[in-house]
Number of protein chains: 2
Amino acid sequence: MRKSSIIALSCLLVMPVNMLAAQELMSDAQDLFEPIPAEPPALEGNALTPEKVELGKMLYFEPRLSESHTISCNTCHQIGMGGVDMLETSRGHRWQAGGRNAPTVLNSVFNTAQFWDGRAADLAEQAGGPMVNPVEMASTTTHVVEQLKGIPGYDAYFKSAFPDDPDPINLPNAEKAIAVFETTLITPNAPFDKFLKGDETALTDMQKEGLQAFMDNGCATCHNGVNVGGNMYQPFGVVENPGAEFLPPDDKGRFQVTASVDDEYVFKVPTLRNIALTPPYFHTGKSWDLHQAVAVMGSSQLGITLSDDEVAKITAFLDSLTGDQPQIVYPTLPPSVATTPRPMP
Amino acid sequence: MRKSSIIALSCLLVMPVNMLAAQELMSDAQDLFEPIPAEPPALEGNALTPEKVELGKMLYFEPRLSESHTISCNTCHQIGMGGVDMLETSRGHRWQAGGRNAPTVLNSVFNTAQFWDGRAADLAEQAGGPMVNPVEMASTTTHVVEQLKGIPGYDAYFKSAFPDDPDPINLPNAEKAIAVFETTLITPNAPFDKFLKGDETALTDMQKEGLQAFMDNGCATCHNGVNVGGNMYQPFGVVENPGAEFLPPDDKGRFQVTASVDDEYVFKVPTLRNIALTPPYFHTGKSWDLHQAVAVMGSSQLGITLSDDEVAKITAFLDSLTGDQPQIVYPTLPPSVATTPRPMP
């Protein structure tokens with residue numbers, strides 16, 4: 001047999017095996033994960049209307065919701081930066097450092113709860129938190145409403161968004177509008193989504209190997225579902241303590257919410273969607289290198305030392321989780337007038 | 001004659017006079033002012049290309065140009081807030097207060113020079129200033145470039161924007177791109193622009209009376225041209241010192257640039273375009289009420305006490321200077337990687 005014929009025959013023998021393996025990989029992945037849908041998911045009791053999305057977008061970009069009039073939702077969850085601020089922890093009121101790394105707003109509607117410790121049940125509840133956190137926007141529930149009522153241009157927007165409410169400018173409505181806007185901040189069409197929908201070519205070979213390693217090593221035990229995370233709580237350091245740099249002893253995580261010893265150093269498993277866009281990593285924001293973060297997860301959560309090759313492959317797979325970023329037209333905010341409450345230094 | 005006939009006759013007699021007056025007002029206004037054009041004006045030696053606009057937009061929203069990675073051009077010149085931040089003076093690096101009220105970026109291309117004291121000749125020169133001002137973004141010329149080179153995603157954008165430059169990531173190119181983006185931040189189609197183009201009905205009667213008062217009282221001596229200001233320097237307090245609240249003695253304005261005693265307390269006459277959207281007023285940002293600002297201008301610059309009625313009419317005219325606000329899609333910024341220079345606290 002000539003050499004070229006041997007090569008051709010080998011290809012025939014090998015190809016189906018590879019294709020079979022890819023099919024099996026896809027099937028295994030489809031059992032564990034779901035693609036990001038093309039349309040925003042509905043919120044219970046908070047219907048999406050264009051008017052509510054528009055109001056929510058304005059409020060999302062509204063620095064006057066903070067005591068100093070300098071900090072908006074977008075300050076720490078920037079639409080153009082993967083929904084984060086690329087800081088270890090955010091800078092809040094009077095340059096104070098936040099307690100934990102700002103989680104991404106993108107696809108956050110798919111998380112089972114909000115904040116690293118899950119202390120807010122949903123997006124609407126979350127939205128009001130930073131406004132009154134003294135380290136963040138540092139306002140009060142009363143003042144947020146005074147402020148919005150003091151900007152005459154908001155009146156018509158609240159009325160359009162909540163047409164059945166006789167006195168629509170209030171904190172629950174502001175939170176609802178922000179939540180509805182945030183449901184639109186989803187990132188479909190990542191290569192991984194295309195793969196999950198049946199396009200074998202959407203992932204590179206290295207990404208497929210990374211996906212295989214991600215499932216084989218147990219990463220997908222916690223990082224699964226539509227958000228590849230975001231749907232359960234786990235201790236950081238299941239097997240091995242990752243060290244005080246990544247897990248400072250004074251932040252006991254979900255324990256601060258439940259006061260149950262079982263929840264000491266327990267955190268919500270973060271989404272890995274768009275993870276390549278959202279350094280630094282962990283609730284401390286202490287890892288700036290996704291390779292490092294993957295390796296630390298291997299040792300602390302799974303008790304294994306991933307080889308450099310495995311880390312590289314898993315990181316390549318994580319790159320495939322970057323979807324279409326939101327295309328948001330910057331909203332025009334109504335002006336302050338002479339009677340509008342003024343910023344406090 | 002019956003009463004109704006008398007009224008009808010009076011109308012016939014009065015109407016042409018009003019129409020004549022409106023024509024004369026329009027003609028007088030056309031001599032003094034120009035409408036904002038529909039398209040961005042060209043910058044000498046810095047051609048507008050879609051690639052340059054896109055890069056400039058990214059850099060405009062890029063907080064990593066600041067030492068702390070928290071402050072971008074848009075922090076103080078917010079696209080959705082009339083191109084300002086609605087603060088007396090901005091909050092910069094480590095919560096420091098800026099020296100003067102942030103001028104609007106909107107239509108700034110039509111100003112003869114940039115900053116309140118005109119210390120930058122054009123938009124490109126202006127763009128680099130805040131980046132290295134220790135009170136503002138607090139970076140250095142060297143570090144800005146290190147930072148941009150340290151974000152791999154920028155490479156392709158700079159190459160597309162400056163295809164003939166073998167090493168395009170540098171500060172002059174960044175400034176040029178920002179300047180070109182800023183030329184797109186113009187606000188045509190204000191009611192006043194429509195009036196200037198011949199639409200008599202574009203202004204209300206009160207606004208027309210305000211325009212007449214604006215010209216008759218001498219406001220238009222300084223506030224004229226396409227930007228209704230922005231094209232000359234004048235002392236604040238031509239006739240009467242407006243008081244230390246509005247003119248603190250330690251800020252000598254353009255004197256700091258020229259060191260000429262003639263320039264003590266001299267400032268660039270600000271544009272009045274979109275003035276209703278950009279409180280607070282004056283270089284100190286100490287007036288939150290446009291009516292008050294108009295009255296202070298009357299006394300300090302013209303030596304006249306405007307009546308409440310005149311102030312109301314002039315303010316109504318100023319409302320007609322609000323044009324179509326820019327519709328800017330928030331740019332997606334390239335992520336930091338493990339080797340990207342990190343924020344400094």
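Calculation notes
- Residues numbered from 1 in each chain as written.
- Chains lettered and ligands numbered in written order.
- Predicted model: local features only at pLDDT ≥ 70, side-chain atom pairs only at ≥ 80, totals over all residues.
- Heavy atoms only, no water.
- UniProt positions renumbered as here; feature names shortened; annotations may be inferred.
- Helix = DSSP H or I, 4+ residues; strand = E, 2+ residues; numbered from the N terminus.
- Buried < 20%, exposed > 50% of the residue type's maximum accessible area, 1.4 Å probe, protein only.
- Contact = heavy atoms within 4.5 Å.
- 1 Å grid on protein atoms, 1.4 Å probe; cavity = no way out; pocket = protein on both sides within 12 Å on 5 of 7 lines; lining within 4 Å.
- Points joined across faces, edges and corners; volume = space filled by probe spheres on them.
- Salt bridge = Lys/Arg side-chain N within 4 Å of Asp/Glu carboxyl O.
- Axes fitted to C-alpha atoms, helices over the stretch in contact; angles between N-to-C directions.
- Parallel < 35°, antiparallel > 145°, perpendicular 65-115°, else oblique.
- Least-squares fit on C-alpha atoms with pLDDT ≥ 70 in both.
- Domains from an automatic or database assignment.
- Buried area = accessible area lost by both parts, 1.4 Å probe.
- Phe/Tyr/Trp six-rings, centres within 6.5 Å; stacked < 30°, edge-to-face > 60°.
- Core = buried A, V, L, I, M, F, W, Y, C linked by side-chain atoms within 4.5 Å.
- Nonpolar A, V, L, I, M, F, W, Y, C, P; charged D, E, K, R; others polar.

Examining the UniProt feature "binding site: heme c 2" (unreviewed entry) in chain A
Residue and element names in this part refer to chain A.
Step number 1: The residues that UniProt annotates with the feature "binding site: heme c 2" (unreviewed entry) are Cys219, Cys222, His223 and Met297. Annotated residues spanning 79 residues; largest pairwise C-alpha distance 11.3 Å, indicating a single compact cluster.
Step number 2: Mapped onto the fold, Cys219 is located in helix H10 (residues 219-222).
Step number 3: Take Cys219: its relative accessible area is 15%, and that puts it in the buried class.
Step number 4: Its location among the elements puts Met297 in helix H12 (residues 290-302).
Step number 5: Among residues more than four places away in sequence, those in contact with Met297 are Phe236, Phe282 and Leu302.

Details of empty space enclosed by the protein
Step number 1: The tally for this structure, following the rule as stated, stands at one cavity of 30 Å³ or more.
Step number 2: Quantified by volume, the largest cavity comes out at close to 450 Å³.
Step number 3: Considering the residues around the largest cavity, the lining is formed by 29 residues, among which Thr70, Ile71 and Thr75 of chain A together with Thr70 and Thr75 of chain B are closest to the centre.
Step number 4: Where the lining of the largest cavity is concerned, the elements lending two or more residues are helix H3 (73-76) of chain A together with helix H3 (73-76) of chain B.
Step number 5: The biggest single contributor to the lining of the largest cavity is H3 of chain B, with three residues.

Comments concerning the pattern of salt bridges
Residue and element names in this part refer to chain B.
Step number 1: With the rule as written, the count across this model stands at 24 salt bridges over all chains.
Step number 2: The closest approach of N and O atoms between Arg119 and Asp117, which form a salt bridge, is 3.1 Å.
Step number 3: Given a relative accessible area of 39%, Arg119 falls into the partly exposed group.
Step number 4: Judged by relative accessible area, which is 3%, Asp117 ranks as buried.
Step number 5: For Lys159, the salt bridge is made with Asp155, and the minimal N-O distance between the two is 3.0 Å.

Structural notes on the packing of helix H9 (residues 205-216) of chain B against helix H12 (residues 308-319) of chain B
Residue and element names in this part refer to chain B.
Step number 1: Following both chains from N to C, one finds H9 and H12 inclined at 105°, their axes separated by 7 Å at the closest point. With respect to their mutual orientation, H9 and H12 come out roughly perpendicular. Along the contact surface, H9 presents Met206, Gln207, Glu209, Gly210, Leu211, Ala213 and Phe214, while H12 presents Ala312, Lys313, Ile314, Ala316, Phe317, Leu318 and Asp319.

Re the relation of the copies chain B and chain A
Step number 1: In the superposition of chain B on chain A (RMSD 0.0 Å, axial shift 0.0 Å), the rotation amounts to 180°. What the superposition gives is, in effect, a two-fold axis relating one chain to the other. Of the C-alpha atoms belonging to chain B, the one lying closest to the rotation axis is found on Val329 of chain B, 2.1 Å away.
Step number 2: Of the residues that chain B buries at the interface, 100% are likewise interface residues in chain A, meaning the two copies contact each other through the same surface.

Remarks on the environment of Glu39 of chain A
All names here are of chain A.
Step number 1: Position of Glu39 relative to the elements: it lies in the loop between helix H1 (3-32) and helix H2 (50-60).
Step number 2: Note on Glu39: relative accessible area 58%, which makes it exposed.
Step number 3: Sequence separation of Glu39 and Thr184 is 145 residues, and the distance between their C-alpha atoms is 7.6 Å.

Notes on the environment of Gly99 of chain A
Step number 1: Position of Gly99 of chain A relative to the elements: it lies in the loop between H3 and helix H4 (123-132).
Step number 2: Residues Gly99 of chain A and Tyr154 of chain A lie 55 residues apart in sequence; the distance between their C-alpha atoms is 32 Å.

Here we look at the domain arrangement of chain A
Where interface size is quoted, it is often the accessible area lost as the parts come together.
All names here are of chain A.
Step number 1: What the domain assignment reports for chain A is domain 1 (27-38 + 188-319) and domain 2 (50-183).
Step number 2: Computed over C-alpha atoms only, the centres of domain 1 and domain 2 are separated by 27 Å.
Step number 3: In this assembly, 29 residues from domain 1 lie in contact with 22 residues from domain 2.
Step number 4: Together domain 1 and domain 2 conceal approximately 2,100 Å² of surface at their shared face, both sides included; 54% is due to carbon and sulfur atoms.

Looking at the side chain of His93 of chain A
Step number 1: Assignment of secondary structure puts His93 of chain A in the loop between H3 and H4.
Step number 2: Once residues within four sequence positions are removed from consideration, His93 of chain A is found in contact with Glu67, Ser68, Ile71, Pro134, Val135, Glu136, Ala138 and Pro345 of chain A together with Trp95 of chain B.

Quick word on the packing of aromatic side chains
All names here are of chain A.
Step number 1: Counted by the stated rule, this structure contains 23 aromatic pairs over all chains.
Step number 2: Between the aromatic rings of Tyr60 and Phe61, the centroid separation amounts to 5.8 Å while the plane-to-plane angle is 70°, which identifies the pairing as edge-to-face. Exposure class is identical for Tyr60 and Phe61. Each is buried.
Step number 3: On the basis of an interplanar angle of 50° and a centroid distance of 4.6 Å, the ring pair of Phe61 and Tyr330 is categorised as tilted.

Considerations on the nonpolar core
Step number 1: In this structure, Leu59 of chain A together with Leu59 of chain B are the most contacted members of the largest nonpolar core, which totals 74 residues.
Step number 2: When near neighbours in sequence (up to four residues on either side) are disregarded, Leu59 of chain B contacts Leu65, Cys73, Leu148, Tyr154, Phe158, Ala174, Ala177 and Ile178 of chain B.

Details of the interface of chain B and chain A
Step number 1: Counting from both sides, the interface comprises 41 residues of chain B and, opposite them, 41 residues of chain A.
Step number 2: Of the roughly 3,400 Å² buried at the junction of chain B and chain A (both faces included), carbon and sulfur atoms supply 67%.
Step number 3: Contact with chain A buries area across many residues of chain B, yet Trp95, Trp288 and Tyr330 of chain B alone supply 24% of it, more than any other trio.
Step number 4: For the interface between chain B and chain A, the tally reads zero salt bridges.
Step number 5: The residue makeup of the side of chain B that touches chain A, split by class, is 22 nonpolar, 12 polar and seven charged.

Details of the side chain of Asn227 of chain B
Residue and element names in this part refer to chain B.
Step number 1: On the secondary structure map, Asn227 appears in the loop between H9 and strand S1 (233-235).
Step number 2: Exposure remark for Asn227: the relative accessible area of 1% places this residue in the buried category.
Step number 3: The residues touching Asn227, leaving out its near neighbours within four places in the chain, are Ile36, Asn107, Phe110, Asn111, Thr271, Leu272 and Arg273.

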